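Architecture and fold: a report
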Amino acid sequence: MAGLYIHIPFCRSRCIYCGFYSTTALNLRQRYVEALCKEIALRPSDKQDIETIYLGGGTPSQLTIPQLHQIFDAIYKYNKVSPDAEVTIEMNPDDVTEAFADGLCWLPVNRVSMGAQTFDDKRLKWLHRRHTSHQVAEALERLRDNGIRNISIDLMYGFPGETLSDWKADITAALSLNAEHLSAYCLTIEEGTPLARIMGTGCLIPRQSPDQEPVPMILPDEETERSMYELLIDRLTSAGYEHYEISNFARPGFRSRHNSAYWNDTPYIGIGAAAHSYDGHTRNWNIDDIYQYIEGMESGKRLFDAETIEGDTRYNDRLTVALRTREGLDLSTLSDRHRDYAIKNARRFLNNGLLHITPANHLALTRQGLFVSDMIICELMLV
């Protein structure tokens, strides 16, 4: 079964931390939608049913309801979509007007992923987020009123100057919304982002007003970040969420089927500028330039690069994603050489309780292993 990813790169303004491909050229939206529809027609999933559809970005909610209709019409025209497909759209809280929420009723969308990030309005402003904390709850209420029963919200922690109490307040606010799914990520410095440039110019948070002095940007230390992550796990699991991937928590029955497919080595098709595709043997990705992407599709030509995924590369890819999940890496899917290598290098982590082998013969992180997952994965990779 396949997943279909549609990349919508438009943002009204860019957040300082985001490293995903995006553009503020909103005047290109209609041309881009038409280019997307041409690529969808060019690349039908004739070999597999589509089980999940995911509109990500960027900010897909920057498209109009008619433009979203146009995209879904093309998807369903050229693909066989499962009747119970999970259909997700990412959106910003401030985009969820009553009219937009009403319009979703006429689309096949049954899941929404919303970027809340934090419930501290000052931090939202610093991140260059357009919404306020109040708008998150307002958006969820509008979505619920219009029949959306599967909502995920994104959170971030590890902000400069953030305390454990601050993070606890954010978790409490998130839990009060009763979302079916929560994703939480530690703030990271991505190369090429405004945040990276800030870090490179004296590590100061810019003034919010002319009379305000710049504030030193001091990120939480490793011990504080670990305490924040422990608090996250404890609070969410106590509230009935399943911790099924390092950064993801779900009510029973509400795991992200689309993202789970990535982690489980399921083929997927990526449509749009910078979108990636994978068929089990090769990976390819569209050009990450919206102008060239549109011009190429207007002339009927898809501009992309590709690579073959085999041998050690395939092992490293499987290890990197599977070990992040609760189920872990299925050792029976590996070649004899890769399985022997994985077990040999995992032995010390098995002995010190950071890894364990499940009854299903999966190599998986323990609770303590979660906190040093990057190090463990690096030690098990082939270089």
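Inside soluble globular proteins, nonpolar side chains tend to come together where they are buried. Residues Met 114, Leu 323 and Leu 380 are the most contacted members of the largest nonpolar core, which totals 92 residues. In contact with Leu 323, other than residues within four places in its own chain, are Arg 318, Leu 329, Leu 355, Leu 363, Ala 364, Leu 365, Ile 376, Ile 377 and Leu 380. Counting eight residues, the second-largest nonpolar core is a separate cluster that includes Trp 126, Phe 159, Leu 187 and Leu 195.

The strand order across the open sheet formed by three strands is 15-17-16, and the pairing between neighbours is antiparallel. The open sheet has two edge strands with one neighbour each: strand 15 (329-330) and strand 16 (355-357). Against the sheet, helix 12 (residues 336-351) makes contact with strand 16 and strand 17 (362-365), and its axis sits at roughly 105° relative to strand 16, the strand it touches most.

The next point concerns empty space enclosed by the protein. Picture a little ball the size of a water molecule; that probe, rolled over the atoms, points out where space is still empty. Under the counting rule described, the total for this entry stands at one cavity of 30 Å³ or more. One number sums up the size of the largest cavity: a volume of about 30 Å³. Along the walls of the largest cavity sit Asn 286, Ile 287, Tyr 293, Gly 296, Met 297, Lys 301, Arg 302 and Leu 303, which together make up its complete lining. Considering every element that reaches the lining of the largest cavity, the biggest residue donor is helix 10 (residues 290-298), with three residues.

Attention now goes to the pattern of salt bridges. Pairing of side chains with opposite charge becomes possible as their charged atoms draw close. Counted by the stated rule, this structure contains 22 salt bridges. For Arg 123, the salt bridge is made with Asp 166, and the minimal N-O distance between the two is 3.2 Å. Of this pair, Arg 123 sits in helix 4 (residues 121-126) while Asp 166 is found in helix 6 (residues 164-175), placing the two residues 43 residues apart along the sequence. Among the residues examined, Asp 166 registers a relative accessible area of 28% and is labelled partly exposed. Arg 326 serves as the salt-bridge partner of Glu 242, at 3.2 Å between the closest nitrogen and oxygen. You can see Glu 242 sitting in strand 9 (residues 242-245) and its partner Arg 326 sitting in the loop between helix 11 (311-322) and strand 15, a full 84 residues away along the chain.

What follows deals with the packing of aromatic side chains. The way to describe two aromatic rings as a pair is by their centre distance and the angle between their planes. Within this structure, the stated rule accounts for nine aromatic pairs. Taking 4.9 Å as the distance between ring centres and 35° as the angle between the ring planes, the aromatic pair formed by Tyr 157 and Trp 167 counts as tilted. Highlighted residues: Tyr 157 in strand 5 (residues 151-157) and Trp 167 in helix 6, separated in sequence by 10 residues. In this pair, the class of Tyr 157 matches that of Trp 167, namely buried.

With that settled, the discussion passes to the side chain of His 7. Tracing the backbone through its elements, the reader meets His 7 in strand 1 (residues 2-8). In contact with His 7, other than residues within four places in its own chain, are Tyr 21, Tyr 32, Leu 36, Gly 56, Gly 57, Gly 58, Ile 271, Gly 272, Ala 273 and Ala 275.

Our next topic: helix 5 (residues 133-145). Within helix 5 the residues assigned to the buried category are Ser 133, Val 136, Ala 139, Leu 140, Leu 143 and Arg 144. One face of helix 5 carries all of its buried residues, which in axial projection span an arc of 135°. Exposed residues pointing more than 90 degrees away from the buried face of helix 5 are listed as His 134, Glu 141 and Asp 145. Residues of helix 5 that are buried make contact with strand 3 (81-91), helix 3 (98-104), strand 4 (111-117), helix 4 and strand 5. Phi for Gly 147, located one or two positions after helix 5, is positive at around 90°.

What follows covers the environment of Ile 269. Position of Ile 269 among the secondary structure elements: in strand 11 (residues 268-271). Of the residues examined, Ile 269 reaches a relative accessible area of 14% and is grouped as buried. For Ile 269 and Leu 104, which are 165 residues apart along the polypeptide, the C-alpha to C-alpha distance reads 24 Å. Here Ile 269 is in contact with Gly 3, Leu 4, Tyr 5, Arg 43, Ser 45, His 276 and Ser 277, once residues within four sequence places are set aside.

What counts and how
- Residues numbered from 1 in each chain as written.
- Predicted model: local features only at pLDDT ≥ 70, side-chain atom pairs only at ≥ 80, totals over all residues.
- Heavy atoms only, no water.
- Core = buried A, V, L, I, M, F, W, Y, C linked by side-chain atoms within 4.5 Å.
- Buried < 20%, exposed > 50% of the residue type's maximum accessible area, 1.4 Å probe, protein only.
- Contact = heavy atoms within 4.5 Å.
- Pairing = 2+ DSSP bridges.
- Helix = DSSP H or I, 4+ residues; strand = E, 2+ residues; numbered from the N terminus.
- Axes fitted to C-alpha atoms, helices over the stretch in contact; angles between N-to-C directions.
- 1 Å grid on protein atoms, 1.4 Å probe; cavity = no way out; pocket = protein on both sides within 12 Å on 5 of 7 lines; lining within 4 Å.
- Points joined across faces, edges and corners; volume = space filled by probe spheres on them.
- Salt bridge = Lys/Arg side-chain N within 4 Å of Asp/Glu carboxyl O.
- Phe/Tyr/Trp six-rings, centres within 6.5 Å; stacked < 30°, edge-to-face > 60°.
- Arc of directions from axis to C-beta.

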